[in-house]
Amino acid sequence: MNDVEPVEADRDVPDFLPLLDWNDVMRDELEDRWGFARRATFALLTQSGAGLVEGFGGENRSGLEGVRSAVILFREHLLEMQVYADAAEDRLRQVATVLAAED
């Protein structure tokens, strides 16, 4: 026979103190909007569809619009960063051309 005791769900779940409160989250959004939008976007990609439906259901439906806005902000940031990356690549090509002409 197996000598393992049955697991009691309440006994085995640690009671962690929250690391942030909602004010911390909102302050993070105000201080680092792009970082917040990036983290929100990636967090969405780690959740199951059922988890998202459950998480945004009921009283949290307004949160869905907030997260949608964060994802849109992240997309806009990525498009802006693409413009800067393209400009940096152009500069590097120009430098490479000048250096090649000197050889």
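Structure report, in brief.

Definitions and cut-offs
- Residue numbers restart at each chain and count upward from 1, following the sequence in its written direction.
- With pLDDT at 70 or above as the cut-off, local features in this predicted model cover only qualifying residues; side-chain atom pairs require 80 or more to be listed or tallied, and sums for whole chains, interfaces and linings still use all residues.
- Excluding hydrogens and water, the side-chain values take into account all heavy atoms of the structure.
- For helices, the fitted line uses only the C-alpha atoms of the stretch in contact; every axis is such a line through C-alpha atoms, and the angle between N-to-C directions lies from 0 to 180 degrees.
- Runs of E in the DSSP output that reach at least two residues are strands. Runs of H or I that reach at least four are helices, and both are numbered from the N terminus.
- By the definition adopted for this analysis, an angle is roughly parallel if under 35 degrees, roughly antiparallel if over 145, roughly perpendicular if from 65 to 115, and oblique otherwise.
- Two helices cross in a left-handed way if the nearer one is turned anticlockwise from the farther one by less than a right angle. They cross in a right-handed way if the turn is clockwise.
- A contact between two residues is defined here by any heavy atoms of the two lying within 4.5 Å.
- Throughout, the ten residues Ala, Val, Leu, Ile, Met, Phe, Trp, Tyr, Cys and Pro are labelled nonpolar, Asp, Glu, Lys and Arg are labelled charged, and all others, Gly among them, are labelled polar.
- In a helix, the anticipated span is given by 1.5 Å times the number of residues less one.
- Burial here depends on accessible area, computed with a 1.4 Å probe over protein chains only, as a share of the maximum for the residue type. Under 20% is buried, over 50% is exposed, and the range in between is partly exposed.

Put simply, helix α3 (residues 33-45) and helix α5 (residues 61-102) touch, their axes get as near as 8 Å, and they point 115° apart. Between α3 and α5, the angle falls in the class roughly perpendicular. Where α3 crosses over α5, the two elements pack in a sense that is left-handed. Across the interface between the two elements, R33, W34, A37, R38, A40, T41, F42 and L44 of α3 pack against V67, A70, V71, L73, F74, H77 and E80 of α5. Classifying every residue of the contact of α3 with α5 by side-chain character gives 10 nonpolar, two polar and three charged.

Turning to α5, a few remarks are in order. Taking 1.5 Å per residue, 42 residues should reach 62 Å; α5 reaches 62 Å between its end C-alpha atoms and fits that length. Of the positions making up α5, those classed as buried are A70, L73, F74 and H77. Buried residues along α5 sit against α3.

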